[in-house]
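As a plain string of letters, each chain reads:
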Amino acid sequence: MAALTMHYTVDGNDFTLAGDCSSKVKKSLTQLGFDPTTIRKVAIAMYEGEINMVIHANGGFIDVSIEPDKIVAVLNDHGPGIADIDKAMQEGFSTASNKVRELGFGAGMGLPNMKKYSDEMNISTKIGEGTIVTLTFYTKKIR
C-alpha cells in the first residue's frame, strides 16, 4: 500500500471547528482497518494539536501520511513560536489567555498529551515564524 496523504487547514479564529481534522483522520483510519488503540492515540494527539493551533497560533495546516506501519502527522502553525519548549512541555504550564481559559481550554496539557499519545514527537520552532510539530504513531492493521 502506498502512503495515503491528507492535507487539512486549521482555522485559527473558530474554536467550533477545532477537532474537525482529527475527526476526519479518525474516520479514515477506522475505514482503513487500523486498531482502535492506534486510532484513539492519533485522534487525541491531533485534537490537542488543533486546539493549540487555535489558542496560540492563529491556525495553520496539518499534513497526515498513512502507511501500513505508521501514521505521521505534521502540524505547521502560523504562531509566534515557542519561547521555552522545556517549560511548554510541563503539565499545567500554559500561556493561554483568561478568555481562552474561560472557554474551558488552556489547561497546559496540549503538548504533554501530544507526546504521551504519540510514539515520537519532534518540535521545531522559530520565534516570530511559527512551530512545526511532527507526530509519529507506529501501528498495525487489524483487517
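Everything numeric in this text was worked out from a predicted model, so none of it was measured. What you see as residue numbers is a count from 1 along each chain, following the sequence as written. pLDDT decides what is reported in this predicted model: residues at 70 or higher carry local features, side-chain atom pairs at 80 or more are listed and counted, and totals for whole chains, interfaces and linings draw on all residues regardless. Note: side-chain values were computed over all heavy atoms of the structure, leaving out hydrogens and water.

Chemist: Let's hear about the overall build of the protein: which residues, and what values?
Modeler: Each helix is a run of DSSP H or I of at least 4 residues and each strand a run of E of at least 2, with the numbering of both proceeding from the N terminus. For the protein, the count of helices and strands is five helices and five strands. A compact globule built from 143 residues would reach a C-alpha radius of gyration of about 15 Å, and the protein, at 15 Å, matches this within 12%. By its C-alpha atoms, the protein is 45 × 30 × 25 Å across when sized along the principal axes. Residues classed as buried in the protein amount to 45% of the 143 residues present. Taking the intrachain contacts of the protein between residues at least 6 apart in sequence as the baseline, contacts between residues at least 24 apart amount to 64%. Note that accessible areas follow from Shrake-Rupley with a 1.4 Å probe, and for residues the cover is restricted to the protein chains shown. Surface summary for the protein: the accessible area is close to 7,700 Å², and the carbon and sulfur share equals 50%. Of the charged side chains in the protein, 15 are positive and 17 negative, and the gap between their average positions amounts to 6 Å. The globule rule used here is 2.2 Å times the number of residues to the 0.38 power, and the radius of gyration it is set against is calculated over C-alpha atoms. The buried label applies to any residue whose accessible area, calculated with a 1.4 Å probe on protein chains only, is under 20% of its type's maximum; exposed applies above 50%, and partly exposed to all values in between. In this analysis, two residues are considered to be in contact whenever any of their non-hydrogen atoms come within 4.5 Å of each other. Positive charge is attributed to Lys and Arg, negative charge to Asp and Glu, and no charge count is given to His or to the chain ends. Here the site of a charge means atom NZ of a Lys, CZ of an Arg, CG of an Asp or CD of a Glu.

Chemist: Tell me what's going on with helix H5 (residues 110–117), and back it up with residues and numbers.
Modeler: Of all eight residues in H5, six are buried, a share of seventy percent or more. All of the buried residues along H5 are Gly110, Leu111, Pro112, Asn113, Met114 and Tyr117. Tucked into the core, H5 has its buried residues touching helix H2 (36–56), strand E3 (70–77), helix H3 (85–88), strand E4 (120–126) and strand E5 (130–138).

Chemist: Can you break down the nonpolar core residue by residue, with the values?
Modeler: In this description, a nonpolar core means a group of buried Ala, Val, Leu, Ile, Met, Phe, Trp, Tyr and Cys residues linked to one another through side-chain atoms lying within 4.5 Å. Counting 34 residues, the largest nonpolar core has Val25, Leu29, Met46, Ile62, Val64, Ile71 and Leu135 as its most contacted members. Taken together, the elements giving at least two residues each to this core come down to strand E1 (4–11), helix H1 (20–32), H2, strand E2 (59–66), E3, H5, E4 and E5.

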